[in-house]
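Descriptive structure summary
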Amino acid sequence: MSIQITAEHVVKKFDKETTVIPDLSLVIKEGELFTLLGPSGCGKTTFLRMLAGFYPLDGGHIYFGERRIDCVPVHERNIGMVFQNYAIFPHMTTAQNVEYGLKQRKVDKALRNKKVKEILETVRMEEYADRLPAKLSGGQQQRIALARAIVIRPDVLLMDEPLSNLDAKLRIEMRSTIREIQKQSCGGITTVYVTHDQEEALAISDRIAVINKGVIQQVDTPRRIYQYPANIFVATFIGFSNLFHGTVRIQDGKKQVQIGDCLLPVLRLGNNVQDGQKVIVSMRADDFTCVSEGGIWCKIKSDTFLGQNMNYAVEFENKIAVETEDGNELVESVRTARHFYRQGERICIMPDAEKLNVFTDDGGTSLMDRGDDT
Amino acid sequence: MQKIRKLDFWTLITVIMVAVFGIFLIYPLFSLFSSALRESSSGMFTLDHFVKFMSRSYYMRALLNSLKIGLAVTVLCMLIGVPMAYIMTFYRIRGKKLIEILIVISMLSPPFIGAYSWILLLGRSGAVTKLFAAIGLQSPTIYGMGGIIFVMTLKLYPFMYMYMCGALKKVDGSLLEASSSLGCRPGRQIWRMVIPLVMPTMLAGALMVMMNAMADFGTPQLIGEGVQTMTTLIYKEYIGEVSGNGNFAAALASVMALVTAALFLAQRHYISRKSYTTNGARPVESKELSSGKKAVAYIFIGLLVFLSCVPHLVVVYTSLYKSDSSMYRSSFTLENYKKVFSSLSKPIVNTYIYGVIAIVIIIGLSMMVAYTSMRRRNIFTRIIDTITMFPYILPGAVLGITLLVAFNHGPLTLIGTPYIIILAFVIRRMPYTLRSSSAILYQINPSIEDASISLGCPPIRTFFKITARLMLPGVFSGAILSWVTVINELSASMLLYTGKTATMSVTVYSQILRTNYGSASALSVILTVSTILSLLLFFKLTGSTEVSV
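Residues numbered from 1 in each chain as written. Chains lettered and ligands numbered in written order. Predicted model: local features only at pLDDT ≥ 70, side-chain atom pairs only at ≥ 80, totals over all residues. Heavy atoms only, no water.

1. So, the domain arrangement of chain A
Residue and element names in this part refer to chain A. What counts is decided by this rule: Each domain span listed reflects an automatic or database assignment of domains. Any two residues whose heavy atoms approach within 4.5 Å are treated as being in contact. Accessible area, probed at 1.4 Å, shrinks when two parts are joined; the buried area is that loss added up over both.
Examined at the domain level, chain A breaks down into domain 1 (5–227) and domain 2 (232–360). Relative placement of domain 1 and domain 2: their C-alpha centres are 38 Å apart. Of the residues lining the interface, 14 residues belong to domain 1; the matching set on domain 2 comes to seven residues. Of the roughly 900 Å² buried between domain 1 and domain 2, counting both surfaces, carbon and sulfur atoms make up 68%. Interface area lost by domain 1 to domain 2 is led by Gln198, Val210 and Tyr226, which between them contribute 45%.

Structure below.
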């Protein structure tokens, strides 16, 4: 029932000069919920619309299963699509909206009514069947959009930032609804989900492709994307990471990384590193402990109280940190913090060496031995 | 495959539209200019017509008069329309809705009814004139330049008012609050904040007024009395009993077309440099006026609305009273209506038949032009979008001459047929529907179409099932405006009609010339009632009294 999507060397250009997607190859496995994650303008929506067929390809091929579909018109691809602004037909009732795709497929009336009723129950909208969309809330409209896309039993479900117009609470609720329905329907519909919200991507996906400037940076499970980012773009885009200039020190076969005067044992550093090699080290904002000496010194610039956490904007001494637009930040849990620091105070931190990631000097490649899926 | 198939349908539509507008708009304009540059008898190239126009003060005076009238009317309309819009928008005025309905009706009523009614009141044997004479006073005359300006101002200030209301409603209230918080006094705020913000709209309104004033044919023809304007001159030169000179009339029409085009481009140029978009605006809350100012405001607005309605009242009154020639005694009668329905039913039928045909064509074309120019953008669709708006600024008399010159010979001889009248209606009045079609399409998110296609509905069927269906309310509201202005069209039909194809407005005009004031009034009332009913439908459909003209 569900199918695999294969993209081979897909190219997209807008006018002659701007290339949105230079060369993208990707396999999305059958039945999985696959997320395209990236900053706005990275080409993720463009790629989704190419899967749907709204944009023609300027190179490469796309297959749904064995069938090559990049030359098939949209309305013959058997896709279900959920749009950012829901795109509910405003002149049709809930039931009529959901029924629309079935009518196109010439499903007879009795079966149509049965299917509409079923799917509306699934999305808990059965009592609104005869309402017009103008009288429904954003969340309800999004449920209709989801029902409308799924009721036709599509080969592929495409979702373009479906939750970005909802408020925070509803977003979290809809997140699990989507995931539930996606897994239940037809034994799991192969789903491609576009978002720029990293938390949403981590929460909802089976696998994530992080995209920047039309190029895939990493394809992995949410956990591995977070724990073992493939390069510093991923490290800084997903969660907050502080970046340091470091040097590899290998003594007696023991792999260490030196940041400033601080030597840190990094056990999972790969085998292809050399003693003295310049590297970039990334540390998540909360992966450290405060020590009295022997660590890295920094100065508190400002603090922000966030309830559960205390965020400090800091400045590291001796220019050991890589300069970025975002600056540097440390996060301490309010529950476990012994005391709060004041602006201007100097503190010494010791990074949690097990959780560090090490990249080549240009930040382009991870030097970690990332092992297999865990 | 998909790309090609999509192209097929809309390319076909684009090609058809290019052909249609090429034949019925571009070619006629081309013929107009080429005819203006030709010797009347030999057909050789010549600049004589333009030289003749420039060298004789008789002709130049007509152009000057047109410009003079245009400027004076524009200034007066601004002096009336701007303060009125300001008061109506920013202060609480009772009966706002009724006032606006009356204003819109007077704006869209037959163009010559004003002049005609004022003749009945202030003309040589007018009611007011006689009243004044009876007590030994001389009433102000309605004839001549002053009269033209007076009548046109009353007819055209609503344009200014409607434009300004639209703009003032969009002024963001928080901008004014911001300026107050920074220490700007309320009086100065009007000059420092409000006026600059609505300036582009004010100019657009001023241009509308000026073009309408210069394009008006009925008013100067009826009460000009020796004051010749470009439109009356064009008519006279073409129809002229002594020497019907088509080529010279074409030259005059070309001059007129160039003048209006220049005005239009100048205004566009200014607006493109100074246009402010305020989005997500919170409208200014209307305030209560102090009682002294309130009295002044109500008198000002009341007087204006009364003067605007006078022509309609006069026409209704005249139509219901027995009249021998222009003298009427006070005896109620339906004689005039009986006469109209027995001997002048043909123009009524013509108006409705031509009008309905024109509207059907207008709706079809507008939807296709709007759709292709917005959703299938390419060089051709953009050109079509631009040229279809051109008739918006083309004076009716110029369009009349243009069509006459283009279709008076050859395989497409349309002169004397109903087709040429319908053609004039379509070309002249399509912009209203086109604009409202584009406006509503702009509000329809393309992803709704995408959704339909993704659910398995092919693009063309999606257009008819979803897009067209969602466009309908906007298209209809525009079509009603087109309809109202179609049935009231005079200045182009004036040149194009024959006995058999006369419409109501043309017939009213000829009845006035024959001083058959009774049947002229009765016909006018029928026309006005049609207009009012259509407008009421429009108000109901759009749920507001706002009309974008």
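2. Remarks on the packing of aromatic side chains
Basically, it comes down to this: Aromatic pairs are defined between Phe, Tyr and Trp rings, using the six-membered ring for Trp, whenever the two ring centres lie within 6.5 Å; interplanar angles under 30 degrees are classed as stacked, those over 60 as edge-to-face, and all others as tilted. Numbering of helices and strands starts at the N terminus; helices are DSSP runs of H or I of at least 4 residues and strands are runs of E of at least 2. Only protein chains enter the accessibility calculation, which uses a 1.4 Å probe; a residue whose area is less than 20% of its type maximum is buried, one above 50% is exposed, and one in between is partly exposed. Any Lys NZ or Arg CZ found within 6 Å of a ring centre and within 35 degrees of that ring's normal is scored as a charge over the ring.
Summed over the entire model, instances satisfying the criterion amount to 22 aromatic pairs over all chains. With 5.0 Å between their ring centres and 80° between their planes, Trp10(B) and Phe463(B) make a pair best called edge-to-face. Taken together, the positions of Trp10(B) in helix α1 (residues 2–36) and Phe463(B) in helix α20 (residues 459–487) put the pair 453 residues apart, joining distant regions of the chain. The exposure class of Phe463(B) is buried, given its relative accessible area of 5%. A network of ring pairs unites the aromatic residues Phe9(B), Trp10(B), Tyr371(B), Phe463(B) and Phe464(B) as a single cluster. Positioned over the ring face of Tyr226(A) is Arg284(A), at 4.0 Å from the centre of the ring. Over the aromatic face of Trp297(A) sits the side chain of Arg346(A), whose NZ or CZ is 4.4 Å from the ring centroid.

3. Regarding a positive patch on the surface
Using the following cut-off: Exposure above 30% relative accessible area and the lack of any salt bridge qualify a residue for a patch; like charges then connect within 9 Å, and the nonpolar side chains Val, Leu, Ile, Met, Phe, Trp and Tyr within 5 Å. All accessibility values rest on the Shrake-Rupley procedure with a 1.4 Å probe; residue burial counts only the protein chains present in the view. Between Lys or Arg on one side and Asp or Glu on the other, a salt bridge is scored when a side-chain nitrogen of the former is within 4 Å of a carboxyl oxygen of the latter. When charges are counted, Lys and Arg are positive and Asp and Glu negative, with His and the chain ends excluded. A charge is said to be at NZ when it belongs to Lys, at CZ for Arg, at CG for Asp and at CD for Glu.
A grouping of Lys103(A), Lys106(A), Lys109(A), Arg461(B) and Lys465(B) is seen on the molecular surface, where their side chains present a positively charged patch. Here Lys106(A) lies in the loop between α2 (94–104) and α3 (109–122).

4. A look at the side chain of Ser521(B)
Residues and elements named next belong to chain B. Just so we agree on the cut-off: Within 3.5 Å is the distance limit for a polar contact, defined as a pair of N or O atoms, with the added protein rule that one can donate a hydrogen and the other accept it, and that residues adjacent in sequence qualify only through two side-chain atoms.
Structurally, the position occupied by Ser521 is in helix α23 (residues 517–542). When its relative accessible area of 0% is taken as the criterion, Ser521 is described as buried. Within the local environment of Ser521, its side chain forms a polar contact with the side chain of Tyr116, the two groups lying 2.5 Å apart. Every residue in contact with Ser521, bar those within four places of it in the chain, is listed here: Tyr116, Val315, Thr318 and Ser319.

5. Overview of helix α7 (residues 145–170) of chain B
Our working definition: For a helix, the expected span equals 1.5 Å multiplied by the number of residues minus one.
For α7(B), spanning 26 residues, the distance from its first C-alpha to its last is 37 Å, which sits close to the expected 38 Å at 1.5 Å a residue. Most of α7(B) is tucked away: 21 of the 26 residues are buried.

6. Structural notes on the pairing of strand β17 (residues 309–316) of chain A
Residue and element names in this part refer to chain A. This is how the line gets drawn: Two strands qualify as a pair provided that DSSP identifies no fewer than 2 bridges between them.
Relative to β17, strand β16 (residues 296–305) runs antiparallel, the two sharing seven bridges. Bridge pairing links Ile300 to Val314 in β17. The loop that links β16 with its antiparallel partner β17 comprises three residues; one of these, Gly307, has a positive phi angle of about 90°. Note that β17 and strand β18 (residues 328–333) share six bridges and pair antiparallel. Counterpart to Ala313 in the pairing with β18 is Glu329.

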